[in-house]
Amino acid sequence: MKKIVMKFGGTSIASGKNIRHVARLIADHVSQGYRIVTVVSALEGITDKLIEVAKQARNGNSNYIHEFKQKLLKEHLVVAKEAIQKERLQQEIEQILKTLVDELEKVLIGIVYVGELTSKSKDYVLSFGERLSAPIVMGALRDLELNAKYYTGGEIGIVTDSNFGEAKPLMNVTKHQVKEKIEPLLEKNIIPIVTGYIAATQDGETTTLGRGGSDYTTTIIGSALTATEVWIWTDVDGLMTSDPKIVPTAKMLPELSFKEATEMTIFGAKAMHPRALEPAMEESIPVRIRNVFDPENSGTLIVEKQKTRIGEAVKAITLVKEVALVNVSGAGMVGSPGTAAKVFDVIGRDNINVLMISQSVSEANISFVIQRSLLEKAVSTLEIALLGRGLIREVTAEDDVCVVAVVGAGMKGTPGVASRLFTAVARKGINIRMIAQGSSELNISCVVKETDGEKAVQAIHEEFKLQN
Ligand code: ADP
Ligand code: ASP
Ligand code: MG
């Protein structure tokens, strides 16, 4: 029997009508004999709103909290009412939503009193997005006489380290627990609805896996169950040659290798969690990205073996926003082995992930790109650790930049890709701040001003004739 773990993102469940559509889609597959585990994100935009209310709570703004609570409850009640038709069921779900929102309010008031927002309490606040959407999806399935039950990531057995905000799953124990919990449910024909994005430490404290984490939850569960396939339902046809919101003529890619798709997600495609494909890749479980509004379309299939045809060196152009460029410079670095290691050791110990690195031939300068939200932390850590020792003279940063990346397995050994890329960008009068090519030769990326990002993506997409 086919076992599919399927995920519905925030856009797929943005309204009650969409949730009813999702429930019918699940019901159709159940009637075709599939065994299904469902993972859901928060309703569209809710995670961002929770981040904002957590900040307001830290700043002591209790009026904002009260209003927020009312709006959040209303928004979910409206969606639930539209998603569920049977009155008794509607009331049951309404009660769950009210209890959850009351709990959230208490947590936020607690933050106001303490005047501090730790990464642990922030994760707890963020967990409410998915905890509120899952019961509504459960109600919509029960409305169709399906036997569904909802669980948090922690309840279903996903255990992580305590790196709140970007927690990593402890895969061995997670796989064992998830299998133990879910298989008996599937035996009893129960459809588990699991909250994406959130999990728990071994002590039961709520963690989150990082933005876009529901995709990650889905492959973690898929690998624990050795699912037949993992399906990521979303609002576009699949992984495309570029973000269709930037390049309207972008084309769907019917098949990609895990390596290529991972490179694309790391560099921003589909706002997917950068590690989301890892668990599926390790177990060779095919992943499909599909359009929830066009279920006849089989979407993008991500598999182990890449099929590269001649003349298809470049597959996709991606754009990463919200990043910053850090430059570490100083003559003391020249001919001093180990400086780069020290810089990245300091950064790594602070849990700051580096997206791109480049060092000039003179060795007097190392540049790297990190997430913009971590910029202050990175600069101050570097200054404290390295400035005093005479190795480096200066740490500077630019926070108005973005990364444009060209991805494709066929680039390996194909000369001329880089020069075409830079010529296309230069022709538009765009200045390139930094360049890097991964040693895998799966991507070439460059840093440009954020205001030039979309124009650069469009120019490269056109240069490599990726459009329809
Ligand atoms: P979900 O709510 O389903 O998780 P996301 O908003 O996280 O959806 O991701 C889907 C969006 O990703 C699409 O609407 C599209 O605009 C964007 N996107 C960016 N790059 C790509 C790409 N290369 N292929 C497909 N979608 C992309
Ligand atoms: N709700 C979370 C986010 O917005 C997780 C997800 O949607 O995948 O990042
Ligand atoms: Mg997403």
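First things first, this report covers the structure right here in the doc.

### So, the sheet that holds strand E3 (residues 148-151)
Part 1 of the reasoning: The strand order E3-E4-E2-E1-E7-E9-E10-E8 describes an open sheet built from 8 strands, whose pairing is mixed. Every interior strand has two partners, whereas the edge strands, E3 and strand E8 (255-257), have only one. Averaged over all pairs of adjacent strands, the angle between strand axes in this sheet comes to 20°, irrespective of strand direction.
Part 2 of the reasoning: Pairing geometry for strand E9 (residues 287-291) and strand E10 (residues 300-303), over 3 bridges, is antiparallel. Residue pairing for E10: Arg288 is matched across the bridge by Leu301.

### Points about the site of ligand 1
Part 1 of the reasoning: For ligand 1, the set of nearby residues contains 18 residues, the closest of which are Thr234, Asp235, Met240, Asp243 and Lys245.
Part 2 of the reasoning: A distance of 3.2 Å is found between an oxygen atom of ligand 1 and a backbone nitrogen or oxygen belonging to Gly10.
Part 3 of the reasoning: Relative to its unbound accessible surface of 580 Å², ligand 1 loses 87% to contact with the protein.
Part 4 of the reasoning: Taken together, the residues that form the shell around ligand 1 break down as 7 nonpolar, 6 polar and 5 charged.

### Focus: the pattern of salt bridges
Part 1 of the reasoning: Using the criterion set out here, one finds 28 salt bridges in the structure.
Part 2 of the reasoning: As a salt-bridge pair, Lys321 and Glu454 come within 3.4 Å of each other at their nearest N and O atoms. Remark: Glu454 occurs in helix H13 (residues 453-463) and Lys321 occurs in strand E11 (residues 316-329); sequence separation between them is 133 residues.
Part 3 of the reasoning: Note on Glu454: relative accessible area 33%, which makes it partly exposed.
Part 4 of the reasoning: The network of salt bridges with common partners includes Lys3, Lys179 and Glu183.

### Observations regarding the pairing of strand E14 (residues 394-407)
Part 1 of the reasoning: Examined bridge by bridge, E11 and E14 share 11 bridges and lie antiparallel to one another. Its bridge partner lying in E14, Leu325 is registered against Glu398.
Part 2 of the reasoning: Across 7 bridges, the pairing between E14 and strand E16 (residues 443-449) is antiparallel. Each residue of the ladder has a partner; that of Cys402, found in E16, is Val448.

### Quick look at helix H3 (residues 62-83)
Part 1 of the reasoning: The first and last C-alpha atoms of H3 sit 32 Å apart over 22 residues, in line with the 32 Å expected at 1.5 Å per residue.
Part 2 of the reasoning: Within the span of H3, buried status applies to Ile65, Phe68, Lys69, Leu72, Leu73, His76, Val79, Ala80 and Ala83. Projection of H3 onto a plane perpendicular to its axis shows the buried side chains occupying an angular sector of 135°, all on one side. In H3, the exposed positions angled more than 90 degrees off the buried face are occupied by Asn63, Glu67, Lys71, Lys74, Val78 and Lys81.
Part 3 of the reasoning: Check the buried side of H3 and you find it contacts helix H1 (16-31), helix H2 (46-58), helix H4 (87-114) and helix H5 (119-143).

### Focus: the site of ligand 2
Part 1 of the reasoning: Neighbouring ligand 2 are the residues Ser41, Thr47, Glu130, Tyr197, Arg211, Gly212, Gly213 and Ser214.
Part 2 of the reasoning: Arg211 is positioned with one of its side-chain polar atoms (N or O) 2.7 Å from an oxygen atom of ligand 2.
Part 3 of the reasoning: In the environment of ligand 2, an oxygen atom lies 3.0 Å from a nitrogen or oxygen atom belonging to the backbone of Ser214.
Part 4 of the reasoning: Of the residues in the shell around ligand 2, the class split is 1 nonpolar, 5 polar and 2 charged.

### Quick look at a nonpolar patch on the surface
Part 1 of the reasoning: Where nonpolar side chains cluster on the molecular surface, the patch consists of Ile109, Tyr113 and Val114 and spans about 360 Å² of accessible area.
Part 2 of the reasoning: Residue position: Ile109 is located in helix H4.
Part 3 of the reasoning: Overall, Ile109 belongs to the partly exposed group, its relative accessible area being 34%.

### Considerations on the side chain of Asp123
Part 1 of the reasoning: Note that Asp123 resides in helix H5.
Part 2 of the reasoning: From its side chain, Asp123 meets the backbone nitrogen of Gly165 in a polar contact 2.7 Å long.
Part 3 of the reasoning: Sequence-distant contacts of Asp123, that is, excluding residues within four places in its chain, are made with Phe164, Gly165, Thr206, Thr207 and Thr208.

### Concerning the side chain of Thr318
Part 1 of the reasoning: Its place among the elements puts Thr318 in strand E11.
Part 2 of the reasoning: On the accessibility criterion, Thr318 (4% relative accessible area) is buried.
Part 3 of the reasoning: A distance of 2.7 Å separates the side chain of Thr318 from the backbone oxygen of Phe267, its partner in a polar contact.
Part 4 of the reasoning: Not counting residues up to four positions away in its chain, the partners in contact with Thr318 are Met264, Phe267, Ala269, Val403, Val404, Ala405 and Val457.

### Details of the packing of H4 against H5
Part 1 of the reasoning: Where H4 meets H5, the closest approach of the two axes is 10 Å, and the angle between their N-to-C directions is 175°. Considering the angle they form, H4 stands roughly antiparallel to H5. Along the contact surface, H4 presents Leu89, Glu92, Ile93, Ile96, Leu97, Leu100, Val101, Glu103, Leu104, Val107, Leu108 and Ile111, while H5 presents Ser121, Tyr124, Val125, Phe128, Arg131, Leu132, Pro135, Ile136, Met138, Gly139, Arg142 and Asp143.
Part 2 of the reasoning: Among the residues making up the contact of H4 with H5, the classes are represented as 17 nonpolar, 2 polar and 5 charged.

### Digging into the sheet that holds strand E12 (residues 354-359)
Part 1 of the reasoning: Read across the sheet, 6 strands follow the order E12-E13-E11-E14-E16-E15 without closing on themselves; strand pairing throughout is antiparallel. The sheet terminates laterally at E12 and strand E15 (434-437), the two strands that pair on one side only. Taking the axes of each pair of neighbouring strands and ignoring which way they run, one obtains an average angle of 30° across the sheet.
Part 2 of the reasoning: Along the sheet, helix H10 (residues 339-349) contacts E11, E12 and strand E13 (365-371); its crossing angle with E13, the most-contacted strand, is approximately 20°.
Part 3 of the reasoning: Strands E11, E14 and E16 of the sheet are contacted by H13, whose axis makes an angle of about 125° with E11.

### Details of H4
Part 1 of the reasoning: When the terminal C-alpha atoms of H4 are compared, their 41 Å separation across 28 residues agrees well with the 40 Å that a helix rising 1.5 Å per residue should span.
Part 2 of the reasoning: Those residues of H4 lying buried are Leu89, Gln90, Ile93, Ile96, Leu97, Leu100, Val101, Leu104, Glu105, Val107, Leu108 and Ile111.
Part 3 of the reasoning: On its buried face, H4 sits against H2, H3, H5 and E3.
Part 4 of the reasoning: Just downstream of H4 lies Gly115, where phi reads positive at about 70°.

### Describing the nonpolar core
The nonpolar side chains of a soluble globular protein tend to be buried with one another.
Part 1 of the reasoning: Ranked by size, the top nonpolar core spans 58 residues in total, and within it Phe8, Ile19, Leu50, Val125, Leu141 and Ile193 carry the most contacts.
Part 2 of the reasoning: For Ile193, the residues in contact, after removing those within four places along its chain, are Thr38, Val40, Ala134, Val137, Met138, Leu141, Ala148, Lys149, Tyr150 and Tyr151.

About the criteria used
Residues numbered from 1 in each chain as written. Chains lettered and ligands numbered in written order. Predicted model: local features only at pLDDT ≥ 70, side-chain atom pairs only at ≥ 80, totals over all residues. Heavy atoms only, no water. Pairing = 2+ DSSP bridges. Helix = DSSP H or I, 4+ residues; strand = E, 2+ residues; numbered from the N terminus. Axes fitted to C-alpha atoms, helices over the stretch in contact; angles between N-to-C directions. Near = heavy atom within 4 Å. Polar contact = N/O pair within 3.5 Å; in protein donor to acceptor, adjacent residues only side chain to side chain. Areas by Shrake-Rupley, 256 points an atom, 1.4 Å probe, with all protein chains shown as cover. Nonpolar A, V, L, I, M, F, W, Y, C, P; charged D, E, K, R; others polar. Salt bridge = Lys/Arg side-chain N within 4 Å of Asp/Glu carboxyl O. Buried < 20%, exposed > 50% of the residue type's maximum accessible area, 1.4 Å probe, protein only. Expected span 1.5 Å × (residues − 1). Arc of directions from axis to C-beta. Contact = heavy atoms within 4.5 Å. Patch = residues over 30% accessible without salt bridge, like charges linked within 9 Å, V, L, I, M, F, W, Y side chains within 5 Å. Parallel < 35°, antiparallel > 145°, perpendicular 65-115°, else oblique. Core = buried A, V, L, I, M, F, W, Y, C linked by side-chain atoms within 4.5 Å.

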